[in-house]
Amino acid sequence: MIYLLLLAFTCVGSTQFTQVVHKWMDISSTGVPLALSQNSWSDPKPLGFSFPFERGDIVDHVVISSSGVISTVNASIQGHPVCGISPVLPLYSLLVLYKAWIPTGLIYYQTFPACPLERLGSTFCFITQFQNYVDKNGRTATFQAILFDNNDILFQYSSWTESSGDDAAIGIVGTNTSVSILYACEDLGDNPPFSVLLKRSSDAISIQVDNITWGSTLG
């Protein structure tokens, strides 16, 4: 099983939300393709709506990394290594499947004015899909992140070859290096398909998987 690595977090309840349902939203035939070199970042991509990437920082663009990460336009602001993985990340990043990928596959991104995957209180959504990404050992993975205009974030994992989750991390790097929320680190034992929901309250992020919710106030 994937395990939880919690850094200064508090359990906020095990029945607050219903169980996450995995529903893969393939955009490989409709999304805008993006080819990136190893350890590189895209230009800013418009979300089509405003999103609270951190407290007090409402953004309408994101940048996408070939390392399986999504961040704000301030991707040059360095943070710290996560789980001993390189490269070092910006101080606020979504770790969809953070790893030193050799990006032989493509990234696709797409905004939906009417999101095909419904979330309560949501209309728009922005999907980033990493398709057939390969690591240094030849292991592949296909995964995506969905940002909803109700402030929810959903990470989804369609497939990966055995041990593709090794030396990887899922979670968030906060606005200071002591505040991070990690769903899993280094050894992602579960096999896809599965999904991870990150749900924001007014000043916190909670992670929900298998009907268990964990939360942390972001700095």
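Description of the structure in this document. What you see is a predicted model; the values in this text were computed from it and never measured.

How each quantity is defined
Residues numbered from 1 in each chain as written. Predicted model: local features only at pLDDT ≥ 70, side-chain atom pairs only at ≥ 80, totals over all residues. Heavy atoms only, no water. Helix = DSSP H or I, 4+ residues; strand = E, 2+ residues; numbered from the N terminus. Buried < 20%, exposed > 50% of the residue type's maximum accessible area, 1.4 Å probe, protein only. Polar contact = N/O pair within 3.5 Å; in protein donor to acceptor, adjacent residues only side chain to side chain. Phe/Tyr/Trp six-rings, centres within 6.5 Å; stacked < 30°, edge-to-face > 60°. Core = buried A, V, L, I, M, F, W, Y, C linked by side-chain atoms within 4.5 Å. Pairing = 2+ DSSP bridges. Salt bridge = Lys/Arg side-chain N within 4 Å of Asp/Glu carboxyl O.

**Some details on the environment of L147**
Part 1 of the reasoning: Within the secondary structure layout, L147 lies in strand 9 (residues 140–148).
Part 2 of the reasoning: Each C-alpha atom, one on L147 and one on C125, is 5.4 Å from the other, the two residues being 22 residues apart in sequence.

**Concerning the side chain of D135**
Part 1 of the reasoning: Relative to the helices and strands, D135 resides in the loop between strand 8 (125–134) and strand 9.
Part 2 of the reasoning: Take D135: its relative accessible area is 3%, and that puts it in the buried class.
Part 3 of the reasoning: A distance of 2.7 Å separates the side chain of D135 from the side chain of K99, its partner in a polar contact.
Part 4 of the reasoning: From its side chain, D135 meets the backbone nitrogen of N137 in a polar contact 2.9 Å long.

**A few points about the packing of aromatic side chains**
Part 1 of the reasoning: For the coordinates displayed, the defined rule picks out 11 aromatic pairs.
Part 2 of the reasoning: Ring centres 4.7 Å apart and planes at 25° place the aromatic pair Y157 and F194 in the stacked group. Taken together, the residues Y157 in strand 10 (residues 153–160) and F194 in strand 13 (residues 194–200) connect sequence positions 37 residues apart. Across the pair, F194 and Y157 agree in class, each one buried.
Part 3 of the reasoning: Site record: aromatic cluster; members linked through ring pairs are W101, F130, Y133, F143, Y157, W160 and F194.

**Describing the nonpolar core**
Part 1 of the reasoning: Among the nonpolar cores identified, the biggest contains 33 residues, and L97, F143, F155 and Y157 are the most heavily contacted of them.
Part 2 of the reasoning: Grouped together as the second largest cluster of nonpolar side chains are 12 residues, M25, I27, F112 and L154 included.

**Focus: the pairing of strand 9**
Part 1 of the reasoning: A large share of strand 9 lies buried, amounting to 8 of its 9 residues.
Part 2 of the reasoning: The pairing of strand 8 with strand 9 spans 8 bridges and is classified as antiparallel. For V134, the partnering residue across the bridge sits in strand 9 and is T140.
Part 3 of the reasoning: Connecting the antiparallel pair strand 8 and strand 9 is a turn made up of 5 residues, with G138 showing a positive phi of about 80°.
Part 4 of the reasoning: Pairing analysis gives 7 bridges linking strand 9 to strand 10, with the strands arranged antiparallel. Each residue of the ladder has a partner; that of I146, found in strand 10, is L154.
Part 5 of the reasoning: Counting the residues between successive antiparallel strands, the hairpin from strand 9 to strand 10 contains 4 residues, one of them, N151, with a positive phi of roughly 85°.

**Things to note about the side chain of Q156**
Part 1 of the reasoning: Tracing the sequence through the fold places Q156 in strand 10.
Part 2 of the reasoning: When its relative accessible area of 0% is taken as the criterion, Q156 is described as buried.
Part 3 of the reasoning: In this structure the side chain of Q156 is engaged in a polar contact, spanning 2.8 Å, whose partner is the backbone oxygen of K23.
Part 4 of the reasoning: Looking at Q156, its side chain comes within polar contact range of the side chain of S195, at 2.8 Å.

**Details of the pattern of salt bridges**
Part 1 of the reasoning: Per the counting criterion, the structure on display carries 2 salt bridges.
Part 2 of the reasoning: One salt bridge in this structure joins D135 and K99, with 2.7 Å as the shortest N-O distance. Here the residue D135 occupies a position in the loop between strand 8 and strand 9, and K99 occupies one in the loop between strand 6 (93–98) and strand 7 (106–112), the gap between them amounting to 36 residues.
Part 3 of the reasoning: Taking the relative accessible area as the measure of exposure, K99 reaches 4% and is therefore buried.
Part 4 of the reasoning: Here D135 ties to R139 by a salt bridge, and the two come within 2.8 Å at their closest N and O atoms.
Part 5 of the reasoning: Through salt bridges with shared partners, a single network forms among K99, D135 and R139.

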